Amino acid sequence: MVNKVFTVEEARDLMPELLRRAALLIAMRADLAELGHDLAATGLSHLGGIPEAKAMEARVAEILGWFDEQGIEVKGVAPLLADFPAVLSGASVRLCWIEGETALGWYHRSDLGFPGRRPLP
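Residues numbered from 1 in each chain as written. Predicted model: local features only at pLDDT ≥ 70, side-chain atom pairs only at ≥ 80, totals over all residues. Heavy atoms only, no water.

**A short note on the sheet that holds strand E2 (residues 80–88)**
Working definition: the strands of a sheet are paired by backbone hydrogen bonds and lie parallel or antiparallel to each other.
Step number 1: Here we have 5 strands laid out as an open sheet, ordered E1-E2-E3-E4-E5, and antiparallel in their pairing. The strands lining the two open edges of the sheet, one partner per strand, are strand E1 (73–77) and strand E5 (118–119).
Step number 2: With respect to the sheet, helix H1 (residues 8–42) is in contact with E1, E2 and strand E3 (91–98), its orientation differing from that of E2 by roughly 170°. (Pairing = 2+ DSSP bridges. Helix = DSSP H or I, 4+ residues; strand = E, 2+ residues; numbered from the N terminus. Contact = heavy atoms within 4.5 Å. Axes fitted to C-alpha atoms, helices over the stretch in contact; angles between N-to-C directions.)

Given below as C-alpha cells:
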C-alpha cells in the first residue's frame with residue numbers, strides 16, 4: 001500500500017477512474033457470486049465454470065490492486081467502500097466514498113470510521 005495523504009482536489013481528480021473501476025468491480029462481483037452459486041447448486045452456469053471463476057477472481061484482485069497503488073484504502077467490497085487518507089483543519093481524516101455515490105462528498109475522522117461521516121465542508 002502506498003502511504004499517501006490526499007488533498008480534497010487530488011481525491012476528486014481520481015473519482016472518474018475510481019467510478020469506472022468500481023463499476024467493473026461491482027459487475028464482476030455480481031457475476032462471481034452468481035457463478036459460484038450456480039456451480040455449487042447444479043454444477044453448471046451460463047457464466048462458465050471453474051476457469052471463468054478463477055479469471056474473475058484474478059480480475060477483481062487486479063481492480064483492487066489499482067486502489068492500493070493509488071493509496072486509496074478499500075474498507076469493504078459489498079458494498080464497495082473506499083477511503084482517501086487526508087488532513088482537514090489539522091485533523092487526520094478519511095475522505096469517504098461508498099458504492100452508489102456519484103461524487104466524493106463525505107469525510108470522517110480517522111479514529112471514528114464510517115459512523116462518524118460528515119459532509120465535506
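**A few points about the nonpolar core**
Among soluble globular proteins, nonpolar side chains are generally buried collectively.
Step number 1: Formed by 28 residues in total, the largest nonpolar core has its most connected members in Leu18, Phe67, Ile72, Phe84, Leu95, Trp97 and Leu104.
Step number 2: Looking at this core, the elements with two or more residues in it are H1, helix H2 (50–70), E2 and E3.
Step number 3: Here this core takes 9 residues from H1, the largest share from any one element.
Step number 4: Sequence-distant contacts of Phe67, that is, excluding residues within four places in its chain, are made with Leu18, Arg21, Ile72, Val74, Leu80 and Ala82. (Core = buried A, V, L, I, M, F, W, Y, C linked by side-chain atoms within 4.5 Å. Buried < 20%, exposed > 50% of the residue type's maximum accessible area, 1.4 Å probe, protein only.)

**With respect to the pairing of E2**
Each regular strand shows side chains that alternate between the opposite faces of the sheet.
Step number 1: Counting buried residues along E2, 8 of its 9 residues qualify, which places the element largely inside the surrounding structure.
Step number 2: Of the strand pairs in this sheet, E1 and E2 are connected by 4 bridges, and their pairing is antiparallel. Bridged to Val74 within E2 is Ala82.
Step number 3: The antiparallel hairpin formed by E1 and E2 contains 2 residues in its connecting segment.
Step number 4: In this structure, E2 lies alongside E3, joined through 8 bridges in antiparallel fashion. Bridge assignment links Ala82 to a residue of E3, and that residue is Trp97.
Step number 5: Between E2 and E3, which pair antiparallel and follow one another directly, the connecting turn spans 2 residues, one of which, Ser89, has a positive phi of 50°.

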